[in-house]
Structure formats: structure tokens, C-alpha cells
Amino acid sequence: MSARDRFLAAVRKHLYPGPEAGLWNAACEAPSRARLREIQQEKLAAAFDYLFEASPFYRRRFEEAGLAPGSIRSLDDLRRVPVTRKLDWIPDIEAHPPWGTFSPLTEERWRDHPWMIFSTSGTTRRPRLFRHTTHDRDLWAWMNARALWSYGVRPGEIALNCFYYGASVAAWGLHEGLVRLGCPVVPGGAMPPERRAAVIPYLRPATILGTPSGLLTLGRRVQEQGDDPAALGVRTLVCAGEPGAAVGPTKRRLEALWGASVHDDFGCTEIAMAPLGYTCRAEAGKTDGEVGVHLMEDAVIVEVLDPITLEPVPVGQRGTLVVSNLYSEAAPFLRFDMGDWIQLRDDPCACGRTHARAVGGLLGRNDHCLKIKGLQFFPSTFEDAIRSIDGLGDEYRVEVRAGAAPGREDLEIIVERGPDVALTEHCVASRLRGLIGITVAVTLVEPGRLPRSDGKGVRFVDRRAEAGR
Ligand SMILES: [Zn+2]
């Protein structure tokens, strides 16, 4: 038996199609932490041997680290595997177009079991291409269906999927999950925004999927056409592509607008296109405090490392998110640094799941983190503070400019006025100073002045490089 066949057998051994009750199956969702570790180690050992056998890129890195087939058998062994970052793949793709050699997929296997090819755009000369097989599609469908079940989506309910069915892996993964769960799907990603809003009162979808920015905009469009979004029977919003669903004030704004429960779903094109993070109804139902987003740990290994030393940080501390994929035939990559800040808790959840939770979801990209006056700020810090001030509008911008010296940057926050017409710039600035601990300039603008987004919103503008122009 080849290493690939042993890997695929290890993955399939732990597929529980259910149902014990729908798509809940305790063997996946609620094993003890010790049993979860056993499942991870079994798949990890098989994934390592598969990469060693079939990926020249990984074999070279493993050999440089002194590893041989059979070297990695436990989570402790995993620390011997070098961490890979996005840029590490570029020279390999340049030297071996179009696929590079990091994927262990053979030409023969690809020809016999193809599904789809996704690409990332970016500043590099060649796009990074990701092939996925029918095995990968089936695993995406299963994992996404489990996440959708966790959100409370049920078979037979109509779902409006507002993600664009282009290169967006979220659109396809969630689509396959909805089909697997038995939900009719309205592919709304390519509809003009007005039509998307107009179909909701007619089709009455129970579930709407989109970015938090897009779903705020969509709800406002529904209001503009004279309907109340909260009265149209939408039960569940599934949010991906932005962190807002785990940011309390944004989540509450969406809940109030749609009268629905709001769930965070996150992944990563390179390594975990099926949901890596997914909320449960216990977490989504919290009325205060930070939302914990479960990590599908029977299918991935998550490490939280210091971004400089790459040493593990204690549970509860922030670090960079490093993921090993334990399910994909085309991309069983080990120790990929996603470049996102994360903070975990692994105590039992009220929902019964034993999978660890990311407190507040993904906290922001390592390279989007700002250090101002000795304090560290994530884009979500501003989102949380601004949206917690009742009476302001939905849209805002944060602009950072070079100040008199490094660490003395000037911040300007531009916010649309909302229902509370008595709020002044001085009053908002003073509230923000209390919430985030630094002085910021505030400009209030009339509603509709800032651009609306039907997809990912751009709310953080870094103008430090423009100094002196
Ligand atoms: Zn839970």
C-alpha cells in the first residue's frame, strides 16, 4: 500500500457520516482531549509519510531537518517539522510551473480524480494554483455540513449564498456543505445587489451566507425597499471572509438588523478551505463577552506560536496561528503559518463539543497589527470600539498617518452619523479614548458618504508610507 493510500485510509477511518442526531456525531464533535490527540496523531503520521513520499518540496525540507519516513508519530514530534510560510512556495512554483512540487498529488491521480483548481491572486509573478480532487470535495462537503449543523441550519431550509462563485473557495465549500446537508441553494453571489435584496421577501431563505459587511449592506437595502429584514424569517447568518461575526458589537448589529443568529466561519485558501473555525449556538447565543470560535480539531492540528521564536505560547496567550491539515489529498500541508493572530481556550463548551475555541475568532493579520504609543492594536480593536457606541451609523474608516516619530502615529477615525443626532465628534472621541486608551481624531460624516461594501469592507487605511508627499 502506498503512503497516499495509507493516508486516505486513515482519513476515511474517522469519517462519521452520522447521524446520531442529524450531523452531530460524538466521535467527531466531543471526543475526550486525549482521544482527539490519538485521532490527530494517527492522521499526522500518515500525512507526514505521504508528503515524504510524494512531495519533493516537503521531502527536501524534511531531509534538511534530519527527518526520515516514520520520524513523525506524535504531536511532540510535529515540532521537528519546519514551519512553512506563503513565500516559501514561490521559488518552487517559479522553478516548477504551473503547480510547483509542494502538493503530493501525482499527475495520474489528478487525471483520474479531478475536481477544481483555485488560484490566489497576489503580487507574485505567477498565481499560486491549488488543485483539489473528488476526495477533497467530499471532505469539504462533510466538514462544511458539520459546521452548518452547528450553526443550526437544517435540511430542507432555503439558503441564499451571497459569496461569489468565482475563485472564492468559501462560496464553493459552503455550497457543497449545503448540498450535503440537504438545503436548496440560491446562488446569489453574482446577482446585482438590488435583486439579491428583492428576492428575499419572495424566497424567504432561512439562511443567508456572506461577509459581515455584505450582510449589513444587504439588510439596509432590504430596509430601503420597504421591508423589515427581521420580519422575513431569516434564522441564521453564516459569516466568512471578515472577522466581524466574532466581534461583539458588529455581531449584535447584524442580530438586531436581521433578527437572526450570527455565526463566524473561517478558513484559509492555502491549507484549510473547509471550515477551520466555526461557532456553535452556545457561543453565538452569548449576549456579552467574546465569542469563542471552535476549531475543527479532528481534521486539523492548530498550534499557537510566538511569531518570532516559533516556540509555543501557553494556552490563553496570543500568538501566530500555525495549522497542519489532516484531511486533504491535494494539500495535507504541515505547519503552515497563516499569518493571523489567535488566542485559544480549551475548556469544555456548553454545546458539548471538545474542540478548542479561538477567543474572538481570528484577531487580525500579523502584518495589519499596529503598535502605537507602546500599545498593540488589531483592526478588530477599532471595529469593536466604534460599533459599541450606540447611535452611530454602520460605516467607518480608520486612517493612520506617520506622526512626529515612530510610535507617535496620528489616527483619524471617520464615522457616519446614525440615529443619535446629538452625538458630537468631541463626545465620540472621548468615548473612544476610554475604550481603546489613546487619543484619536474623530470626523463625523453624513450617512451614505462612505462607500458600502457588498463583499469585504476596506476600513483600515495605512497612510504612513505617504509621509512627506
Ligand atoms: Zn461550543
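What this report covers is the structure whose coordinates are included nearby. Please read all numbers here as calculations on a predicted model, not as lab measurements. (Residues numbered from 1 in each chain as written. Predicted model: local features only at pLDDT ≥ 70, side-chain atom pairs only at ≥ 80, totals over all residues. Heavy atoms only, no water.)

**What about the packing of helix 3 (residues 33-54) against helix 4 (residues 56-64)?**
As a packed pair, helix 3 and helix 4 sit with axes 6 Å apart at the nearest point and diverge in direction by 105°. Taken together, the axis directions place helix 3 and helix 4 in an arrangement best described as roughly perpendicular. Contacts between helix 3 and helix 4 involve F48, L51, F52, E53 and A54 on the former and, on the latter, P56, Y58, R59, F62 and E63. Taken together, the residues of the contact of helix 3 with helix 4 sort by class into seven nonpolar, no polar and three charged. (Axes fitted to C-alpha atoms, helices over the stretch in contact; angles between N-to-C directions. Helix = DSSP H or I, 4+ residues; strand = E, 2+ residues; numbered from the N terminus. Parallel < 35°, antiparallel > 145°, perpendicular 65-115°, else oblique. Contact = heavy atoms within 4.5 Å. Nonpolar A, V, L, I, M, F, W, Y, C, P; charged D, E, K, R; others polar.)

**A look at the side chain of T279**
Relative to the helices and strands, T279 resides in the loop between strand 8 (272-278) and helix 13 (281-284). A polar contact of 3.2 Å, which involves the side chain of T279, links it to the backbone nitrogen of D264. Among residues more than four places away in sequence, those in contact with T279 are S150, Y151, H263, D264, V291, G292 and V293. (Polar contact = N/O pair within 3.5 Å; in protein donor to acceptor, adjacent residues only side chain to side chain.)

**Concerning the coordination of the zinc ion**
The zinc ion binds to the protein through C280 (SG), H294 (NE2), C349 (SG) and C351 (SG), with metal-donor distances spanning 2.1 to 2.3 Å. Seen from the zinc ion, its four donor atoms lie at angles of 105 to 113°, and the figure they make is tetrahedral. Written as a sequence motif, the donor arrangement for the zinc ion is C-x13-H-x54-C-x1-C. With C280 in the loop between strand 8 and helix 13 and C349 in the loop between strand 12 (336-345) and strand 13 (357-359), this residue pair connects regions lying 69 residues apart in the sequence. Judged by relative accessible area, C280 falls into the buried class, the value being 0%. Judged by its relative accessible area of 9%, C349 is buried. (Donors = N, O, S within 2.8 Å, 3.2 Å for Na, K, Ca; no water. Tetrahedral: all angles 85-135°; square planar, octahedral: opposite > 155°, others 65-115°. Buried < 20%, exposed > 50% of the residue type's maximum accessible area, 1.4 Å probe, protein only.)

**A closer look at helix 8 (residues 134-151)**
Spanning 18 residues, helix 8 covers 26 Å between terminal C-alpha atoms, matching the ideal 26 Å at 1.5 Å per step. With 15 of 18 residues buried, helix 8 lies mostly within the body of the structure. Where helix 8 terminates, the next one or two residues include G152, which has phi positive at roughly 100°. (Expected span 1.5 Å × (residues − 1).)

**Digging into the pairing of strand 5 (residues 207-210)**
Every second residue of strand 5 is oriented toward a common face, with T207 and L209 on one face and I208 and G210 on the other, all of them buried. Pairing geometry for strand 3 (residues 159-161) and strand 5, over three bridges, is parallel. Residue pairing across strands places N161 opposite L209, the latter belonging to strand 5. On the question of chirality, the crossover connecting strand 5 to the parallel strand 6 (residues 236-239) by way of helix 11 (residues 212-224) is right-handed. (Pairing = 2+ DSSP bridges. Right-handed = clockwise from strand over helix to strand, strands pointing away.)

**Comments concerning the sheet that holds strand 18 (residues 410-417)**
What the four strands build is an open sheet, ordered 19-18-17-20; its pairing is mixed. In this open sheet, the two strands that pair with only one neighbour each are strand 19 (441-445) and strand 20 (460-462). Averaged over neighbouring strand pairs, the angle between their axes works out to 20° when direction is ignored. Where strand 17 (residues 392-401) and strand 18 come together, seven bridges link them in antiparallel fashion. Its bridge partner lying in strand 18, V398 is registered against I413.

**Some words on the pairing of strand 8**
Side-chain direction in a regular strand flips from residue to residue, so the side chains alternate between the two faces of the sheet. Most of strand 8 is tucked away, with seven of its seven residues classed as buried. The sheet contact formed by strand 7 (residues 261-268) and strand 8 spans three bridges and is antiparallel. If you follow F266 over to strand 8, its bridge partner there is G277. Judged from the two bridges that link them, strand 8 and strand 9 (residues 292-295) form a sheet pairing that is antiparallel. Among the inter-strand pairings, Y278 is bridged to a residue of strand 9, identified as H294.

**Brief notes about the pattern of salt bridges**
By the definition in use, this model includes 33 salt bridges. One salt bridge connects D298 with R146, and the closest N-O pair in it is separated by 3.0 Å. Within this pair, whereas D298 is found in the loop between strand 9 and strand 10 (300-305), its partner R146 is found in helix 8, the two being separated by 152 residues in sequence. R146 matches D298 in its accessibility class, with the two residues each being buried. With its nearest N and O atoms 2.9 Å apart, the salt bridge here joins R253 to D394. Pair noted here: R253 is in helix 12 (residues 248-258) and D394 is in strand 17, with a separation of 141 residues, a long-range link. The same class applies to R253 and to D394, which are both buried. Connected through shared salt-bridge partners, E283, K286, R345, D347 and R357 make up one network. (Salt bridge = Lys/Arg side-chain N within 4 Å of Asp/Glu carboxyl O.)

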